[in-house]
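Take a look at the letters that make up each chain.
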Amino acid sequence: MTSSQKETPSGDPSLVPSQPPTHAQPFASSEWAESLSLLSTPLLQTKLSSLQGESQALSSSLTSRLASSPSGQSLLHIGPSLSTLPPDLSSLLTALSPLLKDVAEYQKLNEVELVRVVAQSKILKRECKRAVMAQSCQNFLKDLTCEEEVLSYLMRRGKEEEKEECKELEGGEFGEGEDHVFGGSMDNKEKESHSRDGGNVSFMASLERVAYFTFLSKEKLEYSKDQVTKSLTTGGGGGGLEGSAMTGGNKVVGTATGSTHTTDSTMGMTQDLEMAQFVMKLSPRIRNLEKNVNQVLNDNLERILQKRMETYVMDKNPVQNEEEEVEVEENDDIDGNVELLVLGHLLRSFVFMNRGSDAEAIFARVAVMPIVRKYVSIGKLDEGGSRGECAGLKSLLHQIVKQVREIWGDVLRMAESMFAWDDSEECNTVGSHEDNNENGNHVDTDCKVEIDLITAGVWVPIVTALLTDPVMKVAIFSPGIASIFQRNYLVLDTFLSELAGNLLTSSDDETDARKVASERIVDGSNDGGVLGVGGGMEDDDEAAITHLYYRPKVDAKTIHSVQSRLYTLPMTLDYSKRWNLAIYYQLRFAEVCSRLEKAIKDVEIHGWHAKVFTGSETTLTSLKDMYGIELPFFVEFVDCLNWLWSKDVYLKPLTHRFLRGGLQLIGRVVAFVKEGARGEVKFGVKEEEVKEEENERDDKTLDDRRNFSDSLPNIQSSVDVDQSYLWCKRLQDVAAVSWDISILDTNFMTEYIQTIEKVVCTSDLDDQTSYEVSELVSEIMKDSSKDISPLVNEMWNDTVVALVTKQCTAPLAAVKGVAATYRMTNRPPPTQASPFVQAILRPLSDFEKSISKRIPAQIGLQWKKCIVDTVSEEYSVSVSELIDTVQKTEEALKNRKVRRAVAGGMSDGEKVRLQLYLDQEAFSKFVQEVGVDPTSVHGIQNLVTLTQEAGNLVEKVQIS
């Protein structure tokens with residue numbers, strides 16, 4: 001702090017001017033205090049008076065300055081208070097100390113009072129909440145007592161109905177009790193209407209309310225148990241908390257002076273605990289109420305279901321009394337509507353009690369099992385066929401579904417529309433997914449519904465009856481006879497896949513009746529009256545809104561959801577495992593393999609044209625015309641492949657196995673053809689006949705053995721004759737086989753892939769899945785047939801070319817005879833080609849004409865060019881050797897040749913050259929006739945080069 005900023009003796013630093021006067025400088029010197037003590041009192045008083053004057057002057061100046069500035073005007077109000085300030089701080093502190101002490105004490109008392117007020121307010125709030133909680137407890141107790149009374153009445157009514165079943169209860173104790181429970185009295189008309197439906201709707205609505213209250217009570221009881229357990233685990237006892245809640249104000253105030261422990265959370269926990277303790281005391285009554293509700297629900301559901309079953313049986317029998325018949329017809333719709341409403345209340349009550357599975361079990365036992373037991377028997381199973389054929393299985397299942405739909409169709413539709421979830425997004429977030437079940441069916445795993453009557457109430461009893469009866473199970477699921485096993489599987493698989501649709505779809509009679517009723521309401525006609533829920537004739541106003549009543553809505557999405565639940569049911573998975581599909585496939589594959597192997601053996605013995613087709617002549621002709629196949633063996637092979645995918649053999653879960661089986665059959669045939677084409681398989685060997693004769697020889701008696709020994713040389717001679725051959729050496733066999741396997745590689749494989757796609761890509765697959773399956777099948781089949789095309793090329797470019805070339809080169813041996821024809825024979829010069837020339841390419845021409853329409857398109861003309869190239873090369877070599885021989889002969893006979901040339905004749909050598917020239921010209925012409933350009937053949941060019949010198953001799957012969 002600088003000297004100018006130091007405090008004045010008065011202690012107020014704000015009064016020190018920014019530029020003190022000269023006489024104030026001593027205050028800033030360090031020696032001023034020592035010099036001040038040396039001054040006398042009068043002098044000091046003089047100094048004080050001077051300073052006070054200056055202070056007043058400065059105060060006036062400061063006030064004027066503050067008044068002239070806007071910001072200082074607000075400080076002018078402190079001016080009067082400045083004059084009242086004490087002369088020093090010490091006296092000020094002395095004067096203020098009592099006041100500050102009183103203020104501190106007053107503040108402490110206020111804090112204590114504030115704590116007391118807050119504590120009392122909390123107590124008041126807590127007591128208000130306790131009052132509300134007590135009122136809630138009182139209401140809960142009243143509701144519990146009321147529901148107990150209602151349930152007690154319902155139980156008494158149920159017992160009375162058991163005693164007087166199928167009778168209308170009028171007046172008496174029942175009427176009084178009914179009026180008492182539901183309030184007020186009813187006139188005769190209302191009582192008559194109420195008695196016609198037995199009050200079921202009202203009673204079941206009350207029962208549903210009781211069930212709902214029981215559900216809430218159970219939830220409250222569980223919550224109360226948690227609260228009590230939580231308080232015990234945290235160390236707080238119920239009595240201690242309750243005692244602290246009832247403490248008075250003095251105790252709270254006393255604790256408030258120290259530290260406040262009574263908080264809002266503690267009070268809330270105390271109130272919750274008190275409520276929990278109250279509910280816990282009612283636990284026996286709640287459990288008893290739950291037990292009685294479950295019993296009443298079970299009894300009423302069984303009674304109503306049994307009543308409908310008995311009504312259906314009575315309806316099937318003719319009514320003797322016409323008046324009763326008319327009355328029954330008038331009341332059919334009433335009873336049906338009432339039963340639906342009653343069952344709706346009951347089923348919802350089961351859901352409130354978390355006993356949906358019990359409702360499903362009761363429905364299965366009372367409503368469905370009698371129907372199942374009626375039709376599921378070994379006699380019904382074999383009806384229409386012999387024992388063990390299961391010819392009546394389809395009719396049996398149809399009758400069950402038909403009767404279940406007639407009796408319970410409306411109930412099933414109501415339950416499905418009532419309890420099925422329609423929130424697809426929620427279902428997708430609760431672990432739903434897509435899958436394929438073991439039967440190969442596409443499945444969307446939907447959310448579980450509370451009550452599923454179709455799955456657990458209909459399907460489970462049916463499949464249980466089929467699986468528990470040993471005789472039925474063996475007859476249906478035994479794979480011993482493949483055809484029966486496959487038929488049973490298809491019947492049950494179709495039944496399961498259509499079960500939801502058959503049960504939820506209204507019958508034609510129900511649809512027509514509903515349509516007529518709707519038209520009657522729309523037209524405004526009410527001749528017969530609109531039947532309401534309570535029965536009787538409704539007013540016109542009520543008739544106008546009847547069409548607004550709730551009706552179950554069943555669409556394709558609902559049916560798909562039910563089917564998904566059917567396929568994912570554990571019972572369905574167990575049922576699927578009963579089908580021994582692996583054994584069935586082995587039987588079918590062994591059957592088709594035996595057919596193919598038998599055909600191969602017959603072909604090896606009797607040749608390619610053996611009649612190995614096991615089908616009818618009509619089928620044989622149809623397949624030949626369809627694909628253009630000639631050999632019976634390949635027709636049998638095609639029929640075997642198609643047989644695997646026929647409706648009497650194929651099963652969807654075995655798609656991969658049947659696809660693999662087809663690939664194995666194709667591989668077996670391709671290997672068989674390839675081995676034969678390479679000369680590894682001989683045809684015409686009858687090994688089995690020789691073995692049979694050897695076995696018969698071992699079983700002969702002594703006399704037969706002697707006779708057998710006499711005939712043994714003949715047998716031995718027949719065995720010694722080798723009748724075997726290699727079909728690859730037979731040109732027609734090679735051509736026929738190559739044509740048929742080329743057809744398999746092109747036309748048939750395309751049709752075969754389409755056949756598989758039609759069977760596998762059913763309507764239940766989406767477009768993307770169908771496309772992927774089609775691509776996969778095409779890729780697999782093309783990969784399996786990749787060896788066919790190279791085999792066809794090998795058979796034509798190697799085998800056919802070699803066989804035809806061998807036949808064409810045989811006449812070339814006559815080339816050497818041309819020289820002997822003219823050597824020293826004095827024959828005239830030749831004028832035409834040699835006879836052997838036209839025989840050179842005759843085998844090629846004849847072979848081409850015989851199979852002109854059976855040459856694979858992929859072969860083209862290359863095979864003929866190869867034959868012509870090879871033959872012309874050998875032909876040119878023979879001609880070249882002949883010309884060399886003629887030249888050597890001419891050199892040896894040179895003198896004699898000269899004498900004949902002088903005589904004016906043509907030498908033998910010239911005649912030979914001329915003949916070779918004419919042969920070359922004719923050969924080139926024949927080459928062109930078979931479709932090969934002679935200029936592109938290297939051997940012909942060599943022939944032209946070798947014989948071109950003899951071209952001049954042609955003119956010489958023509959002139960002579």
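Preceding this section is the structure that the text describes.
Worth saying up front: this structure is predicted, and the values here are computed from it rather than measured. (Residues numbered from 1 in each chain as written. Predicted model: local features only at pLDDT ≥ 70, side-chain atom pairs only at ≥ 80, totals over all residues. Heavy atoms only, no water.)

### Side note on unusual backbone geometry
Phi is positive for Asn354, which is not a glycine, with a value near 60°. Note that Asn354 resides in the loop between helix H13 (322–352) and helix H14 (356–375). The exposure class assigned to Asn354 is exposed, which follows from its relative accessible area of 67%. You will see that Cys390, though not glycine, has its phi angle at about 55°, which is positive. Its place among the elements puts Cys390 in the loop between helix H15 (378–381) and helix H16 (393–419). Its relative accessible area of 3% is what places Cys390 among the buried residues. (Helix = DSSP H or I, 4+ residues; strand = E, 2+ residues; numbered from the N terminus. Buried < 20%, exposed > 50% of the residue type's maximum accessible area, 1.4 Å probe, protein only.)

### Notes on the pattern of salt bridges
Pairing between side chains of opposite charge can happen when the charged atoms of each approach one another. Under the criterion given, the structure shown has 28 salt bridges. In this structure, Glu127 engages Arg126 in a salt bridge whose closest nitrogen and oxygen atoms are separated by 3.6 Å. The class of Glu127 is partly exposed, set by a relative accessible area of 32%. The exposure class of Arg126 is buried, given its relative accessible area of 5%. In this structure, Asp602 engages Lys598 in a salt bridge whose closest nitrogen and oxygen atoms are separated by 3.2 Å. With Asp602 and Lys598 both in helix H26 (residues 581–606), this residue pair falls four residues apart, about one helical turn. Members of the salt-bridge network, linked through shared partners, are Arg126, Glu127, Arg130 and Glu274. (Salt bridge = Lys/Arg side-chain N within 4 Å of Asp/Glu carboxyl O.)

### Thoughts on the packing of helix H29 (residues 655–677) against helix H34 (residues 788–809)
Here H29 crosses H34 at 15°, and the two axes come no closer than 11 Å. By the angle between their axes, H29 is roughly parallel relative to H34. Crossing of H29 against H34: the hand is left-handed. Contacts from Val670, Val673, Lys674 and Ala677 of H29 reach H34 at Ile788, Leu791, Met795 and Thr799. (Axes fitted to C-alpha atoms, helices over the stretch in contact; angles between N-to-C directions. Parallel < 35°, antiparallel > 145°, perpendicular 65-115°, else oblique. Left-handed = near helix turned anticlockwise from the far one by under 90°. Contact = heavy atoms within 4.5 Å.)

### Some thoughts on the environment of Arg287
Mapping Arg287 onto the fold places it in helix H12 (residues 283–316). Between the C-alpha atoms of Arg287 and Leu221, which are 66 residues apart in sequence, the distance is 9.7 Å. Beyond its immediate stretch of four places on either side in the chain, Arg287 contacts Leu221, Glu222 and Lys225. Within the structure, the side chain of Arg287 is placed 3.2 Å from the side chain of Glu290, a separation counted as a polar contact. (Polar contact = N/O pair within 3.5 Å; in protein donor to acceptor, adjacent residues only side chain to side chain.)

### Quick word on helix H27 (residues 617–627)
Every α-helical turn comprises 3.6 residues, leaving residues that sit three or four positions apart pointing alike. Considered for burial, the residues of H27 that qualify are Leu620, Leu623 and Tyr627. Angular distribution of buried residues about the axis of H27 spans 70°; they occupy a single face of the element. Seen from the open side of H27, the exposed residues pointing more than 90 degrees away from its buried face are Glu617, Thr618, Asp625 and Met626. Buried residues along H27 sit against helix H28 (632–644) and helix H32 (731–760). (Arc of directions from axis to C-beta.)

Nothing here speaks to function; it is geometry throughout.
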